[in-house]
Amino acid sequence: FNYSTMLTALIADQLKLHNLKPERFQDIVARLFAYGIVVRAEDGVEQRAYDDARRIEDLLTEYFAAGGFRLLHDRKAEFFRLYPPGAQIPGVPDDEASEPTPSLRAKLSADFVGAALALRFLYQQGLTSGGARLADTGDVLISFEDLASTMLSQLKRSLPDGMVERRLLLAELKRHRIITFNASFSPTDEEAIIAIRPTILTIVGEEALAAILDGDAIDEPADDVDAGESVEALTH
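Residues numbered from 1 in each chain as written. Predicted model: local features only at pLDDT ≥ 70, side-chain atom pairs only at ≥ 80, totals over all residues. Heavy atoms only, no water.

Things to note about the pairing of strand β7 (residues 193-196)
In step 1: Relative to β7, strand β5 (residues 140-143) runs antiparallel, the two sharing 4 bridges. Note on β7: the bridge partner recorded for Ile-142 is Ile-194.
In step 2: In terms of strand pairing, strand β6 (residues 179-180) meets β7 through 2 bridges, oriented antiparallel. Counterpart to Ile-179 in the pairing with β7 is Ile-196. (Pairing = 2+ DSSP bridges. Helix = DSSP H or I, 4+ residues; strand = E, 2+ residues; numbered from the N terminus.)

Listed below in structure tokens is the structure:
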């Protein structure tokens, strides 16, 4: 008896109900495994991936759950985020049955972690103050100088000195769908805007934010952490 064949047939049957082909299911699964997140507000390709993923949300949830992964869907901000087995998820009870998966490792630099924590602080400020800084999409708008000064004042940490390193850090934050900015953005432009996405809430939770607000020291991150795991987990 071939369980693989049976599983493939079950998935195909579910996809037929939503008029989707198996190749499309494979595309969505591959994107979630590769990036850990699908955001509707990204480009047209990712928008369509989100829309199709929403149609088969139950199937995707069960598929990933069979391997110990957890798929979270934020309907208001319109994104899916995939967490590996054993990952700590802000606002969600830990899965005691799953151990972290050593093979799913990805390096996050101390600069990335520091920037993510500062962005979470700024996002909370934006939610509290509202006004022009809070966009209809739920994004909070800041300048590059806002990020730099917040890291220095709240974390006692500076951004990388070199312009190349700063651009690489911003690109990495954007790749993780934490921030977005237009193609003409430059860190040297004082009026250039960075949009902090609501996705920041899924990687930096209340405990890490509270530590910043209380003035507690944030430990340096380990050399590598579970891919897709919350930055909050790196601060303890």
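A few points about the environment of Glu-57
In step 1: Assignment of secondary structure puts Glu-57 in helix α4 (residues 57-65).
In step 2: Setting aside anything within four residues of it in sequence, one finds Glu-57 in contact with His-73, Arg-75 and Phe-80. (Contact = heavy atoms within 4.5 Å.)

Side note on a nonpolar patch on the surface
In step 1: Together, Leu-7, Phe-33 and Tyr-63 give the surface a local cluster of nonpolar side chains, amounting to about 280 Å² of exposed area.
In step 2: Note that Leu-7 resides in helix α1 (residues 3-17).
In step 3: With relative accessibility at 45%, the residue Leu-7 sits in the partly exposed group. (Patch = residues over 30% accessible without salt bridge, like charges linked within 9 Å, V, L, I, M, F, W, Y side chains within 5 Å. Areas by Shrake-Rupley, 256 points an atom, 1.4 Å probe, with all protein chains shown as cover. Salt bridge = Lys/Arg side-chain N within 4 Å of Asp/Glu carboxyl O. Buried < 20%, exposed > 50% of the residue type's maximum accessible area, 1.4 Å probe, protein only.)

Remarks on the side chain of Glu-57
In step 1: By relative accessible area, which is 15% here, Glu-57 ends up buried.
In step 2: For Glu-57, the side chain forms a polar contact with the side chain of His-73, separated by 3.0 Å. (Polar contact = N/O pair within 3.5 Å; in protein donor to acceptor, adjacent residues only side chain to side chain.)

Some thoughts on the packing of aromatic side chains
In step 1: Within the structure shown, the criterion is met by 7 aromatic pairs.
In step 2: Aromatic side chains Phe-33 and Phe-69 sit 5.3 Å apart centroid to centroid with 75° between the ring planes, which places their arrangement in the edge-to-face category. Of this pair, Phe-33 sits in helix α2 (residues 22-35) while Phe-69 sits in the loop between α4 and β2 (70-74); the two residues are 36 residues apart in sequence, bridging distant segments of the chain.
In step 3: The exposure class assigned to Phe-33 is partly exposed, which follows from its relative accessible area of 45%.
In step 4: For Phe-69, a relative accessible area of 16% gives the class buried.
In step 5: Seen in terms of ring centroids, Phe-64 and Phe-69 are 6.4 Å apart; in terms of plane orientation they differ by 55°. Their pairing is tilted. Here Phe-64 and Phe-69 have matching classes, each one buried.
In step 6: Counting every residue linked through ring pairs, the aromatic cluster contains Phe-25, Phe-33, Tyr-63, Phe-64 and Phe-69.
In step 7: Sitting over the ring of Phe-181, Lys-174 keeps its end group 4.6 Å from the ring centre.
In step 8: Taking NZ or CZ as reference, Arg-177 lies 5.8 Å from the ring centre of Tyr-35, over its face. (Phe/Tyr/Trp six-rings, centres within 6.5 Å; stacked < 30°, edge-to-face > 60°. Lys NZ or Arg CZ within 6 Å of the ring centre and 35° of its normal.)

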